[in-house]
Amino acid sequence: MTTESRKQARVAVVGGGVIGLAVAWRAAVAGHAVTLFDPEPAAGASWVAGGMLAPVAEAWPGEEAVLELGEESLAQWPQFADELTTDGADPVMNTAGTIIAAWDPGDAAQLEVLADYLRRVGRGAELVHGHELRKRVPGLTSRLRAGLVVPGDLAVDNRRLLKALLLAGERRGVDYRREWVEAVGPGTVRTESGEFDCDEVVLAAGARTGALHDELRGLVRPLKGEILRLRARRTSLPPPPMTVRAVVENRPLYLVPRSDGEVVVGATQYEAGFDETVAAGGVRELLDAAERVYPSVAEYELAETAAGLRSASTDNLPLIGRLSDGVIVATGHYRNGLLHAPVTARAVVALLDGGELPGAARAADPARVEKEASV
Ligand SMILES: Cc1cc2nc3c(=O)[nH]c(=O)nc-3n(C[C@H](O)[C@H](O)[C@H](O)COP(=O)(O)OP(=O)(O)OC[C@H]3O[C@@H](n4cnc5c(N)ncnc54)[C@H](O)[C@@H]3O)c2cc1C
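Thresholds, definitions, all that
Residues numbered from 1 in each chain as written. Predicted model: local features only at pLDDT ≥ 70, side-chain atom pairs only at ≥ 80, totals over all residues. Heavy atoms only, no water. Domains from an automatic or database assignment. Buried area = accessible area lost by both parts, 1.4 Å probe. Salt bridge = Lys/Arg side-chain N within 4 Å of Asp/Glu carboxyl O. Polar contact = N/O pair within 3.5 Å; in protein donor to acceptor, adjacent residues only side chain to side chain. Nonpolar A, V, L, I, M, F, W, Y, C, P; charged D, E, K, R; others polar. Axes fitted to C-alpha atoms, helices over the stretch in contact; angles between N-to-C directions. Helix = DSSP H or I, 4+ residues; strand = E, 2+ residues; numbered from the N terminus. Parallel < 35°, antiparallel > 145°, perpendicular 65-115°, else oblique. Contact = heavy atoms within 4.5 Å. Near = heavy atom within 4 Å. Pairing = 2+ DSSP bridges.

As assigned here, the protein chain comprises domain 1 (3-65 + 158-219 + 314-374) and domain 2 (98-151 + 221-312). For domain 1 and domain 2, the distance between their C-alpha centres works out to 29 Å. Carbon and sulfur atoms supply 58% of the area that domain 1 and domain 2 bury against each other, a total of about 2,400 Å² over both sides. Residues Glu276 and Arg208 are paired through a salt bridge, measuring 3.8 Å at the closest nitrogen-oxygen approach. Counting across the interface, domain 1 meets domain 2 through 14 residue pairs in polar contact (both at pLDDT 80 or more). Residues that form the side of domain 1 that touches domain 2 fall into these classes: 14 nonpolar, 9 polar and 7 charged.

Laid out in structure tokens, this is it:
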């Protein structure tokens, strides 16, 4: 295929979560003819997620490539959001930053490990006393031991983002087909209504992507997460102004405020196959931890409970790249799919245009896993 014909490629995107929608929109902007298949677009893990854009707070020793990819994507977020606002709607970013609180001495030791690591890899994050956190977020309990201030980690309203992406894609000519894809091959997508011919298929079906291509078998697995949406009442203290993460008796917690008085409280994480039901124990665990850290949430309305499936790879880096002739994959974004949307869309469009994976996305090439598997 010539570069010229690639510029006009017929692209089929399988999956309409944040990754598929972002890819479809950017590919349409780049001049491709895009059809997106999903019986229920703007749902999936992307709809239930917390919305943190948090490469630094999510960093951990040994996961340098994940940190680099996340930071590259975070740097692209402001322009991505601006262009999305022009083409679709404002995804509503919160730029107030993030704090991470530690509940007990063991939790404080965990924060020190993170702070040490961040210092070693040259990322600044300030370790502070618990009372310093309360100066920044007055509704926090006075019992916190220590905290970390991460001003650069941001957040976005994931639901507004998805609606904006749907609209932007539609305005740029993306054809949304509300159909389930049964199988894909080079240059073809099969649904129950028949075969669809194309030049390129992009597999972006989240935790279910593994079933769509032989090369992905065993490389993508679902990791369940429960999450809550609480709403402040007129008489209660308002939600924190910024993202509050915490470690409470060794368990991670976060409270992510929205501009309309809602606060998202997450999230559990455990292996449960494709089960997307909400377990009572998961809700109890989250409410208990949230109330300890930010006591006034006990008065809030419990507006929603939900569960979603993160798509996890074997090394926590996404799988972004060409799988075979005419088939590209973009999945395995684990806890960072919203964060990684801009960098992933850019990488996939580079491949559709006949180029190579750019920048930090090179580390996400699925060839790395195939190589390891064959050693
Ligand atoms: C509780 C929780 C909290 C999270 N919080 C954050 C956060 O704060 N920040 C962050 O960056 N990330 C977060 N994540 C992770 C993030 O949600 C995911 O990484 C991201 O949503 C992945 O997007 P996706 O488009 O790959 O998958 P999904 O959003 O799951 O979308 C996949 C889509 O593919 C469709 N599909 C599947 N199979 C087929 C098929 N055969 N044919 C057609 N369509 C198909 C599905 O219907 C679905 O709409 C969180 C996840 C969970 C579960």
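A separate point is the packing of helix H4 (residues 64-87) against helix H9 (residues 337-352). Interhelical geometry of H4 versus H9 gives an angle of 85° and a closest axis separation of 7 Å. With respect to each other, H4 and H9 are oriented roughly perpendicular. Each of Val66, Leu69, Gly70, Glu72, Ser73, Leu74, Gln76, Trp77, Gln79 and Phe80 in H4 lies in contact with H9, whose residues at this interface are Leu338, Leu339, His340, Ala341, Pro342, Val343 and Arg346. Grouping the amino acids of the contact of H4 with H9 by side-chain chemistry returns 10 nonpolar, 5 polar and 2 charged.

Around the ligand, the structure places 37 residues, and the nearest of them are Asp38, Ser46, Met52, Val181 and Arg335. Backbone polar atom of Gly50 to a nitrogen atom of the ligand: 3.1 Å apart, as the coordinates give it. Val181 places a polar main-chain atom, nitrogen or oxygen, 2.9 Å from a nitrogen atom of the ligand. Its residues assigned to classes, the shell around the ligand comprises 18 nonpolar, 13 polar and 6 charged. Among the domains, domain 1 (3-65 + 158-219 + 314-374) and domain 2 (98-151 + 221-312) are the pair contributing at least three residues each to the shell around the ligand.

Moving on to the sheet that holds strand E19 (residues 319-324). With mixed pairing, 6 strands are arranged side by side in an open sheet as E9-E2-E1-E13-E20-E19. At either margin of the open sheet sits one strand with a lone partner, and together these are strand E9 (175-177) and E19. In this sheet, adjacent strand axes meet at a mean angle of 20° when their direction is disregarded. As defined by bridge partners, strand E2 (residues 33-37) adjoins E9 across 3 bridges and the pair is classed as parallel. Looking at the pairing, Thr35 lines up with Asp175 of E9.

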